Amino acid sequence: MTVQDSSVLATLPVLGETALQTYPTATLYVVATPIGNVTDITLRSLHVLTLVDAIACEDTRNTAHLLQRFGIHKPLVAAHMHNEREAAEVLVRRLQAGERIALVSDAGTPGVSDPGAKIVDAVIAAGLRVVPLPGASAAITALSASGLVNDQFHFVGFLPAKGKQRETVLNGLRGVTATLVFYEAPHRIVDCAQALAAAFEPTRQVVFARELTKLFEEIHRCPLADAAAWLQADPHREKGEYVVLLEGAPAAADAGDAEAERILNILLAECSVKQAASLAAQITGRKKNALYERALALKGD
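All values derive from a computational prediction rather than experimental measurement.

It is worth spelling out the overall build of the chain at this point. Of regular secondary structure, the chain possesses twelve helices and ten strands. Considering the chain as a whole, with its 301 residues, one finds that 42% of them fall into the buried category. Charged side chains in the chain number 28 positive and 33 negative. The centres of these two groups are separated by 4 Å.

So, about the nonpolar core. Buried together is how nonpolar side chains tend to be arranged in soluble globular proteins. Counting 26 residues, the largest nonpolar core has Leu-170, Phe-182, Leu-196, Phe-200 and Phe-208 as the members making the most contacts within it. Counting residues per element, the ones that place at least two in this core are strand 7 (179-184), helix 8 (189-199), strand 8 (205-210), helix 9 (227-232) and strand 10 (242-246). Ranked by residue count, the leading element in this core is helix 8, at seven residues. Leaving out residues up to four positions away in the same chain, Phe-200 has contacts with Leu-170, Leu-173, Arg-174, Leu-180, Leu-224 and Leu-246. Membership of the second largest hydrophobic core comes to 18 residues, among which are Ala-79, Ala-87, Leu-95 and Ile-119.

Bringing helix 3 (residues 60-69) into the picture now. Within the span of helix 3, buried status applies to Thr-63, Leu-66 and Leu-67. Each buried residue of helix 3 sits inside an arc of 95° when the element is viewed along its axis, so together they form one side. Turned more than 90 degrees off the buried face of helix 3, the exposed positions are Arg-61, Gln-68 and Arg-69. Within two residues after helix 3, Gly-71 carries a phi angle of roughly 70°, on the positive side.

Conventions we followed
Residues numbered from 1 in each chain as written. Predicted model: local features only at pLDDT ≥ 70, side-chain atom pairs only at ≥ 80, totals over all residues. Heavy atoms only, no water. Helix = DSSP H or I, 4+ residues; strand = E, 2+ residues; numbered from the N terminus. Buried < 20%, exposed > 50% of the residue type's maximum accessible area, 1.4 Å probe, protein only. Lys, Arg positive; Asp, Glu negative; His and termini not counted. Charge placed at Lys NZ, Arg CZ, Asp CG, Glu CD. Core = buried A, V, L, I, M, F, W, Y, C linked by side-chain atoms within 4.5 Å. Contact = heavy atoms within 4.5 Å. Arc of directions from axis to C-beta.

Below, the structure is given as structure tokens:
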């Protein structure tokens, strides 16, 4: 963008609309911040960050750096996963005194695999107002560029780090027809791909979205069977935060079939095929022989 282009943006009539909007006091403003490219912040978010009395944030250093880039200086309140309940009490008292408080996380939307949900819950419980300001979300950004045609998605977030726990979670998702959305750290991405390949059909499409909106952004889609090999083909692919999208299961014959399979998968993680089929029959009311045959097939996949 040239200097002239930048000056044109500064004079756009729409910027004047920010001053005409109402921003009540005694309100918590939940503000999404950029996940990479700093210019993805919204005009409304910038305006609110200049209005509030204080900003509650996941890491004061990261938020101070972001605010500095926009020339904003506000008192910061640490509100991270280790002190969220205590921070909520402080923020509720300040809101009750009539302040405006913004809530941000290090990147993206607070409360979505980031701290913030407990604070929002406490503010609502106190009878105070919460106003969300939409903006960046890694999950939605990845979905929009995935090409996976599905009008539903199931947000899982980060999987357990331990193999057995991760296996149990994934087995419980086998029958979900919605696109599955995971977050994963770079040092676990290969393990994640291998766990997905062990739990789901190899023909399912998987999308790896790495470093979204950043300089080395990479979005790759392939059959699940090829996923681990693609990741291991380039050492740079084991760097940067990931959003992983997995194609949902084919639609089951009916909702009962999907639920029975979900229960079978959970039971098979702890029981023998015979025990799993017997317990699933008691829970669902379905025929034990049919469930036994399905359990054998699942165990053999």
